[in-house]
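Coordinate inspection notes
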Amino acid sequence: MSLGYVLVRSVILVVLLLTAFAYVMVLERKVLGYFQLRWGPVRVGPWGMLQPLADAIKMMNKEDTRPAGADTLLFYVAPAVALFVALGAFAVIPLGPVAHIGSLVLPLSVAHPASGILFVLALLSVGVYGVSLGGWASQSKYALLGSLRATAQMVSYELALGMAVISAVVLYGTLNLNTMVSMQGVHLWGAIPDILGFAIFLVGSVAECNRAPFDLAEAEGELVAGFHVEYSGFRFANFVMAEYVNMFTMSALGALLFLGGWHGPFGLGSSVWWLLAKMALYLFFFMWVRSTFPRLRYDQLMSFGWKLLVPLGFLNLVWISTFVALGGWH
Amino acid sequence: MSRMPKSSRLRQLRGLPEGLGTTLHYLWRRRVTVDYPERQRPVAERFRGLHILDRYDDGLERCVGCELCQAACPAHCITVEAAENPPDHPFSPGERYGYRYEIDLLRCIFCGFCEEACPTGAIQLTPRHDLVGFSRQDFQVDREWLLVPDPRTETLAEEGAR
């Protein structure tokens, strides 16, 4: 694999992800609006479809402020770290089976390491740095409190999320995302024996993305905007982009690990569109949950994670191990 | 943290899908948003909005400069000064007319007391509520601004443009 080849694929992925970000953002505002008996954005372009363009122009033209006491280097690096890590994690997500165009063999991911799932988990852990450094470097009470909360939360829920992922790894006996999906094509979808693991993954992914009802890191009522209060303009946009790209990664991972990836239900063939449909459903779930549940109190969040999700994750691991030891699908 | 029996705690979990169901139901409800500038909800019949100074059918101003509105105004936003009607072309049917009539719309609380105090029905509140301006000065309105068009001098088309 030459460097140029990887570079071209990376650029395509980044463009795709950022375009998707722009439109999922409008979609989220629309969906939230609909949940609240509003229309959402409708003014810019037909049906509000030029809204992201307007937002982008606005963001670029805003003054780039920096608090007087801020740590310059960290303050400037943090949003880049957040976005870079979010984009990097998606690089190993396969969007579909290997495509054959003539004699060309095209895997539908930028990189395809043998143990892709480990890479995703590792990069998502680094994602905490963007949030915590941003809050720390801002030299602001609210930002610091927000980043402290976010760090504690992401570290705790990563454990629950990790347990759910491990249950999938045990179930398929591989760390390779492609193999996992093709196994679900042959046998049942992962969520059928591993329903508890899927549930934990669902909750954990919402918490991992710092989204409502787990958005304590940016609790508007108490912390103004949490870790990114002091950011403006494009640096702020970086954090938002990172959040959305993380959502994409999580939804893709959920679909790949538990929902059969690019395989259609009831043997209805397999294509990229199935995966995208599942991701869309997953993203809709994110928005649905956001419009339904009120934010958790901090102690509730912690006790829910450590006292319910993590033990449940272990319990589920025992069940899945038993399932596999008893012969599993074979 | 309060302790409750395990069973009721588990029962509480039922609230989660119930809540999700409730919000999902709202997706198909009718929207309550009105596309404001294009469509406007009707205001109440007796809504008190922007003032006008009315005329009689023959075009003469109703205001006789009695200053009762100024006295009635709890916000002290009306200033009236009266002057003698010029005999050759009178502004109003009485002896005097409202020579100066100013309202500070930013101070006005739209209580309608001026309307009630007016003996000739000159000052009236209309249902118009979309008052906008670029400066505070824009809201200091005078007699010319408040007066309805004179049917003797203005054609219907000009009235429509106002």
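One can find the structure itself at the top, above this paragraph.
Summarised in this report is the structure supplied together with it. (Residues numbered from 1 in each chain as written. Chains lettered and ligands numbered in written order. Predicted model: local features only at pLDDT ≥ 70, side-chain atom pairs only at ≥ 80, totals over all residues. Heavy atoms only, no water.)

What about the overall build of chain A?
What chain A contains, in helices and strands, is eleven helices and two strands. What you see in chain A, going N to C, is helices and strands ordered as α-α-α-β-β-α-α-α-α-α-α-α-α. Here the C-alpha atoms of chain A give a radius of gyration of 20 Å, agreeing with the 20 Å that 2.2 N^0.38 yields for 330 residues. Principal-axis analysis of the C-alpha atoms places the extent of chain A at approximately 65 × 50 × 45 Å. Evaluated residue by residue, chain A yields a buried proportion of 52% over its 330 residues. Within the structure as shown, chain A displays about 14800 Å² of accessible surface, and the carbon and sulfur contribution to it stands at 73%. (Helix = DSSP H or I, 4+ residues; strand = E, 2+ residues; numbered from the N terminus. Rg over C-alpha atoms; globule rule 2.2 N^0.38 Å. Buried < 20%, exposed > 50% of the residue type's maximum accessible area, 1.4 Å probe, protein only. Areas by Shrake-Rupley, 256 points an atom, 1.4 Å probe, with all protein chains shown as cover.)

Regarding the pairing of strand β3 (residues 96–104) of chain B
All names here are of chain B. Relative to β3, strand β2 (residues 78–84) runs antiparallel, the two being bridged by seven bridges. Bridged to Ala82 within β3 is Gly98. Where β3 meets strand β5 (residues 140–141), two bridges bridge the pair, whose relative direction is antiparallel. Paired with Ile103 across the strands is Val141, a residue of β5. (Pairing = 2+ DSSP bridges.)

Quick look at the nonpolar core
Counting 91 residues, the largest nonpolar core has Phe90, Ile117, Phe201, Phe248, Leu253, Leu257 and Phe286 of chain A as the members making the most contacts within it. If you tally residues by element for this core, the top one is helix α9 (residues 233–258) of chain A, at 16 residues. Setting aside residues up to four positions removed in sequence, Phe90 of chain A forms contacts with Leu13, Leu17, Leu95, Phe248, Thr249, Ala252 and Met279 of chain A. If you look at the next biggest cluster of nonpolar residues, it comprises 22 residues, including Leu50, Ile78, Tyr101 and Ile123 of chain B. (Core = buried A, V, L, I, M, F, W, Y, C linked by side-chain atoms within 4.5 Å. Contact = heavy atoms within 4.5 Å.)

With respect to the interface of chain A and chain B
With 16 residues of chain A at the interface, the matching set in chain B holds 17 residues. With both sides pooled, the region where chain A packs onto chain B buries about 1500 Å², and carbon together with sulfur makes up 68% of that total. When the buried surface of chain A facing chain B is broken down by residue, Leu37, Trp39 and Trp288 of chain A rank first, second and third, together holding 39% of it. Where chain A meets chain B, there are one salt bridge. The residue Arg43 of chain A makes a salt bridge to Glu38 of chain B at a minimum N-O spacing of 3.0 Å. Across the chain A-chain B interface, the total number found is seven residue pairs in polar contact (both at pLDDT 80 or more). Elements with a minimum of two residues in the side of chain A that touches chain B: α1 (3–35) and α10 (272–292) of chain A. Looking at the side of chain A that touches chain B element by element, the count peaks at five residues for α10 of chain A. (Buried area = accessible area lost by both parts, 1.4 Å probe. Salt bridge = Lys/Arg side-chain N within 4 Å of Asp/Glu carboxyl O. Polar contact = N/O pair within 3.5 Å; in protein donor to acceptor, adjacent residues only side chain to side chain.)

Quick look at the packing of helix α5 (residues 141–172) of chain A against helix α7 (residues 195–208) of chain A
Residues and elements named next belong to chain A. Running from N to C, α5 and α7 cross one another at 150 degrees; their axes reach a closest spacing of 8 Å. As summarised for this structure, α5 and α7 are arranged roughly antiparallel, according to the angle between their axes. The handedness of the crossing between α5 and α7 is left-handed. The residues of α7 that touch α5, namely those facing Gln153, Met154, Tyr157, Glu158, Ala160, Leu161, Ala164, Val165 and Ser167, are Gly197, Ile200, Phe201, Gly204, Ser205, Ala207 and Glu208. A breakdown of the residues in the contact of α5 with α7 according to their chemical character gives nine nonpolar, five polar and two charged. (Axes fitted to C-alpha atoms, helices over the stretch in contact; angles between N-to-C directions. Parallel < 35°, antiparallel > 145°, perpendicular 65-115°, else oblique. Left-handed = near helix turned anticlockwise from the far one by under 90°. Nonpolar A, V, L, I, M, F, W, Y, C, P; charged D, E, K, R; others polar.)

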